[in-house]
Amino acid sequence: MKAWHFSENAYPYLPPAEEYESIRVSLPNRLYDPKRGAALYDRYIDEWLIAEDEGVEIMLNEHHQTATCVDPAAPLVLAALARLSKRARLLILGNPVANRRQPVRVAEEMAMVDILSKGRLECGFVRGVPYEVLPANSNPVRMNERQWEAIDLIIKAWTNHDGPASFEGRFFHHRNINIWPRPYQQPHPPIWISTTTPGGAGRVGARGYVQATFLTGFGGTPAIYESYRRGWREAGRGADVPVNRLAYAALVYAGESEGEARAGAEKLLWYMTANKVPLHFCYPPGYVPTPVHAQILRGAAVDQHAANKANATVDKAIEAGLMFAGTPDQVFRQIQRMYDHVGGFGHLLIMGQAGFLEHDETVRGIRTFAREVYPRLKEVFPDSAVSDQQVPIRQAV
Amino acid sequence: MLSIAGIELELFERGQGAPILYLHGGEGIFPDLPFLDLLAKTRRVIAPSHPGFGRSSLPDWLDSVDDIGHLYLEVMDHLGLTRTDVVGFSLGGWIAAEIATRVPERFEHLVLIAPVGVKTGPPDRLDIPDIFAMAREKLDRLRFHDPANNPVDPGKLTDDELHVVARNRETLALLTWEPYMHNPKLKHRLHRVSAPVLLLRGESDGIVSADYLGRYAALFPQARIETIAGAGHFPQVEQRERTAAAIAHFLDDRQAARRSGAAS
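In this report, the structure presented in the accompanying data block is examined.

### Side note on the overall build of chain A
Moving on, step 1. The helix and strand inventory of chain A stands at 16 helices and eleven strands.
Moving on, step 2. Its C-alpha radius of gyration of 20 Å places chain A within 12% of the 21 Å reference for a compact globule of 397 residues.
Moving on, step 3. Dimensions along the principal axes, computed over C-alpha positions, put chain A at roughly 60 × 55 × 45 Å.
Moving on, step 4. The burial tally for chain A puts 59% of its 397 residues in the buried class.
Moving on, step 5. Taking the intrachain contacts of chain A between residues at least 6 apart in sequence as the baseline, contacts between residues at least 24 apart amount to 76%.
Moving on, step 6. With 43 positive and 43 negative side-chain charges, chain A shows a separation of 5 Å between the mean positions of the two kinds.

### Quick notes on the interface of chain A and chain B
Moving on, step 1. Facing the 24 residues of chain A at the interface are 26 residues of chain B.
Moving on, step 2. Buried surface at the junction of chain A and chain B, summed over both partners, amounts to about 2,000 Å²; 56% is from carbon and sulfur atoms.
Moving on, step 3. The largest share of the area that chain A buries against chain B comes from Arg 142, Leu 297 and Arg 298 of chain A, three residues that together contribute 30% of it.
Moving on, step 4. Taken together, the connections running from chain A to chain B amount to two salt bridges.
Moving on, step 5. Counting residues per element, the ones that place at least two in the side of chain A that touches chain B are α4 (133-136), α10 (279-282) and α11 (290-300) of chain A.
Moving on, step 6. Ranked by residue count, the leading element in the side of chain A that touches chain B is α11 of chain A, at seven residues.

### Concerning empty space enclosed by the protein
If a probe as big as a water molecule is rolled over the atoms, it shows which places are left empty.
All names here are of chain A.
Moving on, step 1. Counting across every chain of the model gives four cavities of 30 Å³ or more.
Moving on, step 2. The space that makes up the largest cavity amounts to roughly 90 Å³.
Moving on, step 3. Lining the largest cavity are His 5, Val 56, Val 252, Tyr 253, Ala 254, Ile 350, Gly 352, Thr 362, Gly 365, Ile 366 and Phe 369.
Moving on, step 4. Listing elements by their share of the lining of the largest cavity, those giving two or more residues are β9 (246-254) and α15 (359-380).
Moving on, step 5. Ranked by residue count, the leading element in the lining of the largest cavity is α15, at four residues.
Moving on, step 6. In the lining of the largest cavity, the residues fall into seven nonpolar, four polar and no charged.

Procedures and definitions
- Residues numbered from 1 in each chain as written.
- Chains lettered and ligands numbered in written order.
- Predicted model: local features only at pLDDT ≥ 70, side-chain atom pairs only at ≥ 80, totals over all residues.
- Heavy atoms only, no water.
- Helix = DSSP H or I, 4+ residues; strand = E, 2+ residues; numbered from the N terminus.
- Rg over C-alpha atoms; globule rule 2.2 N^0.38 Å.
- Buried < 20%, exposed > 50% of the residue type's maximum accessible area, 1.4 Å probe, protein only.
- Contact = heavy atoms within 4.5 Å.
- Lys, Arg positive; Asp, Glu negative; His and termini not counted.
- Charge placed at Lys NZ, Arg CZ, Asp CG, Glu CD.
- Buried area = accessible area lost by both parts, 1.4 Å probe.
- Salt bridge = Lys/Arg side-chain N within 4 Å of Asp/Glu carboxyl O.
- 1 Å grid on protein atoms, 1.4 Å probe; cavity = no way out; pocket = protein on both sides within 12 Å on 5 of 7 lines; lining within 4 Å.
- Points joined across faces, edges and corners; volume = space filled by probe spheres on them.
- Nonpolar A, V, L, I, M, F, W, Y, C, P; charged D, E, K, R; others polar.

Spelled out as structure tokens, the structure:
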């Protein structure tokens, strides 16, 4: 198993949530202090580099117009990390290509990062959460189709080496695609896609890309992975789906003592408690399938913020498989339980910093995980394993 | 259902007499059906559900009001509407304006109720408030003179009806998301519209402002504006009788004037 330190570059210094309507989309940026923001960038980049020193890989993502993730141009931070880091794989998860007007530009940015890092890029593509469509002014209807066409165009741009090529699709049109530089890795960097529903995962499996899923827990994850494996097999990729095609993202905090772990875990819950977003930003028309949209209109949608706040306890999050937190032994067992429940996964994406988790606390969490949990994960869950077959094999041993 | 250009169109027809092509707004045709019955007392009313609205199909390639305008040229040919009146509400007003710039000779009168479709204000201010970025309650305050008049209560609809409401919203987003609620080209084409135009607006409409409607009207060679008291964005719902009367008066007045002109 590979572990990745993931930080959203949060800006937590906000007034009480009652004083604003939404932490995303409409939160005035006068609340952002550029000097504090600059210090935070330094700090978060340092934490990524400490994770690298501890043998953990690096992951970042992109959101817009939000204090939860002040990384609206993830390729820029990725470029900095490409020069500052030396060994770690660099995962961007990912490029919101349904919201980017120029996929060829994305291909160029990613090729540059791959060169700068001498082939350490892992290139993720995401559809983006619903609150991203307003900042991007991006039409929420037909986003999936746009995302897949953009990915095809980016791969074409990466793999075309004989002068200008053309692409005339449904959403994107280019007559002279001939990017410089081309990627370091051949034929192109590994591709990751994030999905939180089974519907999308089958297609990712058919393509053989790495499937990542975020905070889908014991409830949602098995169906997503199963859909991926079915897509993989039906596309003729063979019966065995390597675990290194599947990734799971959770809040993770390992502490030397239960008390230390609990304190860190409580602070990590900020991800769930701070995400105050009104319904009209959560369900832009077309983002969810029509039957789901209809149920939301009927009032099925709940106030996410209130629900999250009510459910955001460390114990509930651990029980649901959204969080792995405790002593190294406890964290290992929690991960093992998830691994067995979903049929195995090869990448643990660690949401290891949030809100007011201070630098020292973040670093302690990274180090404790890296030194006392990670070695066991690598030993017990080898990268060569096959998904969905792990449980019987391990029991036989 | 009507099959045109590979699209299955739901079509409502009411009454007899000289034709009115009725083009519904973003909420679909169902809230307007009682109003259609009023218009149909003296006229033949032909009202399609736009592609992706109601039970009309939505082909993959269709994503603009411009596409619908072209489609309706074919619909008019198919129905033999060589010359007709058109009444369009909101999005439907935009569609009506688009068609009338293409075949001005085929329209007797245009009635545009709270139409969208042009951008006439400054770049740093929306002409039409962003209906996709506000809470439902605020939207209803902007749209209705009295929000209690909203005829669509999701709690009381069947699953099928609610599915239609949801799909209507999705198609509306598809068509109007960007550029928001307008075609930048349209205002440069409206001078071609030769028919007299009546622009109607509910006095309490928080979506289509009086200023906006005034600037819109100025783009037509012959246009006048009427305001309906006690109504918001949906005068055909909140003030059905008055709205129908204003339209009938406009259509009949002109016919009378033309008849007297022909006689003299």
